[in-house]
Amino acid sequence: MRLLGTITPDRPLLVVAVREEAAHLGERLPVLLTGMGKINAAASLATVLARGPHPSEVVNLGTAGALRPGLAGGTHEIARVLQHDIDTPVLRELTGRSYGEAITLADGDGLTLATGDLFVSDPDARDRLAREADLVDMEGYALVTVARGAGVPVRLVKHVSDEAGDGAARTWRESVDGCAKILAAWADDRL
């Protein structure tokens, strides 16, 4: 975890997983680098929000894999997020309670993001996830859960870096700097 800048109640906090995704953000707004995965994302954001003060909102900027054709290279504000690596129906059957249900966000362009601690580079995994979601990442659901728990508005903005299939890791490495430039331009235009 690394916080760059100072959080104030009148400005959003930009949250990204890794420095490669933050490379072009500048110093105008505070940036939290969480590390990859749900645990790193949740622990980092929870720590920063517990220390206070809270930002006006949390904006997660990051890359995502496309689970469906036609999404490659686009920037999307997520409307719904779910966890793909928790077996909610089985847990509900065992305990009578739901864990990891999908969360609807106030704004967004209609796309669903699946979050899990798996870099999806297998076509079978991509096809399975595409039944429920449009994009896949490793931090979004955790960040929404923590921000909402602290009463802070949250948005997820994802730029598609790869098609979550064969060669996704290579494609991500090759495209992450270009994605970071596009996400920085999005933040400059909208925040």
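Look up a bit, the structure's there.
A few points on the structure. (Residues numbered from 1 in each chain as written. Predicted model: local features only at pLDDT ≥ 70, side-chain atom pairs only at ≥ 80, totals over all residues. Heavy atoms only, no water.)

**Details of the pattern of salt bridges**
Applied cut-off: Definition used for salt bridges: Asp or Glu carboxyl oxygen within 4 Å of a side-chain nitrogen of Lys or Arg. Note on conventions: DSSP H or I runs of at least 4 residues are helices, E runs of at least 2 residues are strands, and numbering of each starts at the N terminus. Exposure classes here rest on a 1.4 Å probe applied to the protein chains alone. A residue is buried below 20% of its type maximum, exposed above 50%, and partly exposed in between.
Scanning all chains against the criterion turns up 8 salt bridges. Close ionic contact of Arg 28 with Asp 188 constitutes a salt bridge, the shortest N to O distance being 3.8 Å. Residue Arg 28 is located in the loop between α1 (19–22) and β3 (31–33), and its partner Asp 188 is located in helix α6 (residues 168–190); the two are separated by 160 residues in the primary sequence. Assessed through its relative accessible area of 42%, Arg 28 is described here as partly exposed. Close ionic contact of Arg 155 with Glu 57 constitutes a salt bridge, the shortest N to O distance being 3.0 Å. With Arg 155 in strand β10 (residues 154–162) and Glu 57 in the loop between α2 (38–51) and β4 (58–66), this pair connects stretches of sequence that are 98 residues apart. One continuous salt-bridge network, built from bridges that share partners, spans Glu 57, Glu 77 and Arg 155.

**Here we look at the nonpolar core**
Defined as follows: Note on terminology: a nonpolar core comprises buried Ala, Val, Leu, Ile, Met, Phe, Trp, Tyr and Cys residues joined through side-chain atoms within 4.5 Å.
If you look at the biggest cluster of nonpolar residues, it comprises 29 residues, and the most contacted ones within it are Leu 45 and Leu 135. Among the elements of the structure, β2 (13–16), α2, β4, α5 (140–149) and β10 are those that each provide at least two residues to this core. Broken down by element, the residue count for this core peaks at 6 residues, all from α5. Counting residues in each nonpolar core, the second largest holds 14 residues, with Leu 29, Val 59, Ala 184 and Ala 187 among its members.

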